[in-house]
Amino acid sequence: MMKIQTLIVDDERIAREGIRMQLENDPEVEIVGECANGVEAVSFIKKQKPDLVFLDVQMPGLDGFGVIEKVGTDEMPMVIFVTAYDKYALRAFEVHAFDYLLKPSDDERFARALQRAKAQLRRAESETVSQRFTALLEDLRTRQENIESSLKADRNRLEKIVVKTAGRIFFVNAEEIDWFEAADNYVKLHVGRETHLVRETVSRLESRLDPNQFLRIHRSIIVNVERIKELHPLFNGVFSIRLKDGTELTSGRGFRKNLARFLGE
């Protein structure tokens with residue numbers, strides 16, 4: 001029986017040695033090489049065409065996913081990913097039926113991953129594996145874009161609002177505002193017993209405020225959820241909302257989804 005030609009790719013020497021030690025006693029496996037970075041791995045895979053690769057995901061320069069893209073999903077051998085990713089990202093490997101070893105891996109988990117790889121190699125699922133590689137890369141790319149988009153949104157959150165009035169300029173902390181009210185081409189800020197006008201639109205404010213703290217309940221009203229004392233259903237998804245200072249507000253029927261999210265429904 002032909003042995004499984006296996007390549008180990010990891011930028012950490014200790015990690016490579018650990019994988020080598022766990023493979024050396026397996027009569028079905030032949031270790032044909034080790035690579036300490038993604039560039040070396042791409043060259044080795046293209047020239048030697050191993051059957052199986054233990055591939056570190058996080059490597060400086062060209063990472064594990066970069067290796068797959070450089071080699072091409074159609075030409076990549078079977079892969080067992082080696083990673084320190086968190087559980088959220090690991091779900092991507094599970095969904096697309098790829099195995100992984102979470103650093104540091106134990107002997108039982110290693111053996112299970114290797115047996116699964118052997119079974120897949122015996123079934124020669126080359127086309128299916130190629131399709132799964134493509135789907136995995138797209139999934140992880142989308143996840144990364146969502147994370148970056150979320151971080152960008154957090155950086156753009158409106159924390160202070162500039163108020164210009166009576167020849168002076170001052171700042172109001174967003175978290176201090178009880179609620180916002182549209183007033184023609186302005187928005188009125190309700191801060192305790194004080195009100196301030198700013199030239200802005202409710203929709204633009206909503207897009208820049210923290211959605212976990214501010215809730216749009218009407219086309220002309222945004223309320224600080226920390227100021228809400230109680231809600232009373234009226235009709236057709238409309239609510240009467242009482243704030244802690246006694247202010248009574250009424251939601252718009254078109255904003256039922258926002259209130260349902262706030263109520264955890």
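The preceding data block contains the structure.
Because the structure is a prediction, the values reported are computed rather than measured.

J.: Summarise the overall build of the protein; cite the residues concerned and give the values.
T.: A count of helices and strands for the protein gives eight helices and 15 strands. Taken across its 265 residues, the protein has 42% of its residues classed as buried. In the protein, 54% of the contacts between residues at least 6 apart in sequence involve partners at least 24 apart. When the accessible surface of the protein is split by element, carbon and sulfur atoms take 48% of a total near 15600 Å².

J.: Explain the sheet that holds strand β4 (residues 78–83) to me, and be specific about the residues and the numbers.
T.: The pairing of strands in a sheet comes from backbone hydrogen bonds and takes either a parallel or an antiparallel form. Read from one edge of the open sheet, five strands run β2-β1-β3-β4-β5, paired in parallel fashion. Each of the sheet's edge strands pairs with one partner strand only, and the pair in question is β2 (29–35) and β5 (99–102). Direction aside, neighbouring strands of the sheet carry axes that sit 20 degrees apart on average. By the bridge criterion, five bridges tie strand β3 (residues 52–56) to β4 in an arrangement that is parallel. Its bridge partner lying in β4, Phe54 is registered against Ile80. Across the face of the sheet, helix α2 (residues 38–48) comes into contact with β1 (4–9), β2 and β3 while running at roughly 140 degrees to β2.

J.: Provide a residue-level description of the pairing of strand β7 (residues 168–173), including the pertinent values.
T.: Taken together, the six bridges between strand β6 (residues 160–165) and β7 define a ladder with antiparallel strand orientation. By the bridge assignment for β7, Ile161 is matched with Val172.

J.: For the pattern of salt bridges, give the residues involved together with the corresponding values.
T.: This structure, assessed with the given rule, holds 14 salt bridges. In this structure, Arg16 engages Glu34 in a salt bridge whose closest nitrogen and oxygen atoms are separated by 3.4 Å. Here Glu34 lies in strand β2 and Arg16 lies in helix α1 (residues 13–23), a separation of 18 residues in the sequence. With a relative accessible area of 13%, Arg16 lands in the buried category. We note a salt bridge from Arg227 to Asp178, for which the minimum N-O separation is 2.6 Å. Pair noted here: Arg227 is in the loop between β12 (221–224) and β13 (228–233) and Asp178 is in the loop between β7 and β8 (179–183), with a separation of 49 residues, a long-range link. One network of salt bridges, in which partners are shared, links Asp10, Glu12, Asp56 and Lys103.

J.: Describe the layout of surface pockets, naming the residues involved and giving the relevant values.
T.: The computed volume of the second largest pocket comes to approximately 240 Å³. Around the second largest pocket sit Leu158, Lys160, Ile161, Val162, Val163, Lys164, Leu197, Val198, Arg199, Glu200, Leu205 and Arg208, which together line it. Going through the elements one at a time, β6, β10 (194–198) and α7 (202–208) are the ones with two or more residues in the lining of the second largest pocket. In the lining of the second largest pocket, the residues fall into seven nonpolar, no polar and five charged.

J.: Give me the lowdown on a nonpolar patch on the surface, citing residues and values where you can.
T.: Together, Val162, Ile169 and Phe171 give the surface a local cluster of nonpolar side chains, amounting to about 310 Å² of exposed area. Tracing the backbone shows Ile169 in strand β7. For Ile169, a relative accessible area of 58% corresponds to the exposed category.

J.: I'd like to hear about α2, residue by residue, with values.
T.: Every buried residue belonging to α2 is among Gly38, Ala41, Val42, Phe44 and Ile45, and all of these are buried. For α2, the elements touching its buried residues are β1, β2, β3 and α3 (64–71). The distance from a side-chain oxygen at the start of α2 to the backbone nitrogen of Val39 is 3.1 Å, and the residue carrying that oxygen is Asn37. Following α2 by one or two positions, Lys49 adopts a phi angle in the positive range, close to 50 degrees.

Criteria and thresholds
- Residues numbered from 1 in each chain as written.
- Predicted model: local features only at pLDDT ≥ 70, side-chain atom pairs only at ≥ 80, totals over all residues.
- Heavy atoms only, no water.
- Helix = DSSP H or I, 4+ residues; strand = E, 2+ residues; numbered from the N terminus.
- Buried < 20%, exposed > 50% of the residue type's maximum accessible area, 1.4 Å probe, protein only.
- Contact = heavy atoms within 4.5 Å.
- Areas by Shrake-Rupley, 256 points an atom, 1.4 Å probe, with all protein chains shown as cover.
- Pairing = 2+ DSSP bridges.
- Axes fitted to C-alpha atoms, helices over the stretch in contact; angles between N-to-C directions.
- Salt bridge = Lys/Arg side-chain N within 4 Å of Asp/Glu carboxyl O.
- 1 Å grid on protein atoms, 1.4 Å probe; cavity = no way out; pocket = protein on both sides within 12 Å on 5 of 7 lines; lining within 4 Å.
- Points joined across faces, edges and corners; volume = space filled by probe spheres on them.
- Nonpolar A, V, L, I, M, F, W, Y, C, P; charged D, E, K, R; others polar.
- Patch = residues over 30% accessible without salt bridge, like charges linked within 9 Å, V, L, I, M, F, W, Y side chains within 5 Å.
- Polar contact = N/O pair within 3.5 Å; in protein donor to acceptor, adjacent residues only side chain to side chain.

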